[in-house]
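Structural overview for review
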Amino acid sequence: MSWLKKDPFQIIAFQSYGTNSHFYARGRALEDESIDLEAKNTWRLLVNSWKRFETDEVKNVGLDLKLPNNTIIKATTDRKGYFIVEANLQDLKTLTNDEGWLSFELSFNDVTIKRNIQNQNRFPGELLIPSSRAQFGVASDIDDTILQTGVVSLLKWRLIYNSIFKSVKSRMPLEGSVDLFQRLHRGVLGKNANPIFYVSHSPWNFYRYLELFLKQNNFPKGPILLRSVSEALKKKQEGEKPQKQKEILNILKTYPKLPFILIGDSGEHDPDIYIEIAEMFPDRILAIYLRSVKHKKKMLRVRSLVKNFKTTPMMLIDNSQQAIEHARKHGFIT
């Protein structure tokens, strides 16, 4: 009876980032629900959305992470199936490719597992260690910055519709955004390999959806940094920073000699987050680009913020070409 058949196990490694001496990777072990990212009909899209959030975690199980030099690092998943692999190692850059990506392999190491395991128990992962050629880094939002989602729509109905009833194959990037990001990645020399970090308030459940969107539209590959559903639902304590802000601050601290360009939109909290970050690191934020959204009240407020902010160049842009022209004028790109 097929409906009694148990789903096989899998490991999803989230693209992460580290340094020459600090290895840091994370991901999640789940039952494979066979989500069809290329589905187009409404029923399959609804089923996919249900599967994306009704996850069956593989909790409290041991994992092995194997580096190209055969070093093995141990990890254990938590009660939600998430895992973090962290270690202080030496000369990790010698294991990276020309763009700074270090490939590794994950596997379940618990011999008591009776369930079928996908991919012959071999799951790929990647970690970015920015190239020494990098001139700067880019930290960018995703929603309404490179992907039209409708975050500012009434009751977020457009966001809900796009997330549930549109396949990843049908989603289009905002005009000119791919060209802008490719230029920033290549830098002024054309081969700088400037690292791109994609930071979003979306839950990790959308990781593969967003990963495919970025890949199919030829955005530069970069760590995709999201948050858990529990983090999204958790009530923030007074004075606690948004998860997106914490992630960007951690990136800045991880690469203390690398300046950054921040890219977002004017619809939600990006202006406030980016202004606070720039004030904390005034010598390291080269520019802030905020894509304008169609929301009169929010735009009035953001225009006032931009007009009065003098710490670092901050632009409201209606299209990617405006950001390209500014970046070229300031020597970030050719």
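Residues numbered from 1 in each chain as written. Predicted model: local features only at pLDDT ≥ 70, side-chain atom pairs only at ≥ 80, totals over all residues. Heavy atoms only, no water.

All right, on to the pairing of strand β5 (residues 72-76) then. Side chains I73 and A75 project from β5 onto a buried face, and the interleaved I72, K74 and T76 project onto a face without burial. In this antiparallel pair of consecutive strands, strand β4 (residues 62-66) and β5, the connection spans five residues, and N70 shows a positive phi of 75°. (Buried < 20%, exposed > 50% of the residue type's maximum accessible area, 1.4 Å probe, protein only. Helix = DSSP H or I, 4+ residues; strand = E, 2+ residues; numbered from the N terminus. Pairing = 2+ DSSP bridges.)

Right, let's talk about the packing of helix α3 (residues 177-186) against helix α9 (residues 320-329) for a bit. How two helices sit against one another is set out by the angle between their axes and by the gap between those axes. At a closest axis distance of 9 Å, the pairing of α3 and α9 adopts a crossing angle of 20°. What the angle tells us is that α3 and α9 run roughly parallel. In terms of crossing hand, the pair formed by α3 and α9 is left-handed. Counting all contacts with α3, which are made through S177, D179, L180, R183 and L184, the residues of α9 involved are S320, A323, I324, A327 and R328. Of the residues belonging to the contact of α3 with α9, the class tally is five nonpolar, two polar and three charged. (Axes fitted to C-alpha atoms, helices over the stretch in contact; angles between N-to-C directions. Parallel < 35°, antiparallel > 145°, perpendicular 65-115°, else oblique. Left-handed = near helix turned anticlockwise from the far one by under 90°. Contact = heavy atoms within 4.5 Å. Nonpolar A, V, L, I, M, F, W, Y, C, P; charged D, E, K, R; others polar.)

Okay, the sheet that holds β5 next. Reading across the sheet, the five strands line up as β2-β8-β7-β4-β5 and stay open at both edges, with mixed pairing between neighbours. At either end of the open sheet lies a strand with only one pairing partner, and these are β2 (16-17) and β5. The sheet contact formed by β4 and strand β7 (residues 101-108) spans four bridges and is antiparallel. Directly across from L65, in β7, lies its bridge partner L106.

With a phi angle near 75°, N70 is a residue other than glycine that sits in the positive phi range. With respect to the element layout, N70 can be found in the loop between β4 and β5.

Here we take up the environment of K246. With respect to the helices, strands and loops of the structure, K246 is situated in helix α6 (residues 243-254). Owing to a relative accessible area of 35%, K246 belongs among the partly exposed residues under this scheme. Put simply, K246 and I273 are 27 residues apart on the chain and 9.7 Å apart in space, counted from C-alpha to C-alpha. Contact partners of K246, with chain neighbours within four places excluded, come to E240 and K241.

This part covers α6. The terminal C-alpha atoms of α6 lie 16 Å apart, and with twelve residues this matches the ideal 16 Å at 1.5 Å per residue to within 8%. For α6, every residue scored as buried is listed here: Q243, K244, Q245, E247, I248, L249, I251 and L252. (Expected span 1.5 Å × (residues − 1).)

Overall, the coordinates contain twelve salt bridges when judged by the stated rule. Of the charged contacts, one joins D98 and R133 as a salt bridge, the two residues approaching to 3.3 Å between their closest N and O atoms. Taken together, the positions of D98 in the loop between β6 (82-88) and β7 and R133 in the loop between β8 (123-128) and β9 (137-140) put the pair 35 residues apart, joining distant regions of the chain. The class for R133 is partly exposed, based on a relative accessible area of 30%. When the shortest N-O distance is used, the salt bridge between K221 and E126 registers 2.8 Å. One end of the pair, K221, is in the loop between α4 (207-216) and β11 (224-227); the other, E126, is in strand β8, with 95 residues separating them in the sequence. (Salt bridge = Lys/Arg side-chain N within 4 Å of Asp/Glu carboxyl O.)

Looking now at the confidence of the model for the protein. Per-residue confidence for the protein gives a mean pLDDT of 86; residues scoring 70 or more make up 81%. Across residues 150-162 the pLDDT falls below 50, and counting only partners more than four positions away or on other chains, this stretch makes 27 contacts in the model. (pLDDT = per-residue confidence, 0-100.)

Our next topic: the sheet that holds β11. The strand order across the open sheet formed by six strands is β11-β10-β9-β12-β13-β14, and the pairing between neighbours is parallel. Of all strands in the sheet, those bounded by a partner on one side alone are β11 and β14 (314-317). For this sheet, the mean angle separating the axes of adjacent strands, direction not counted, is 20°. In this sheet, strand β10 (residues 196-203) lies alongside β9 in parallel orientation, the contact comprising three bridges. Note that in β10 the partner of S140 across the bridge is Y198.

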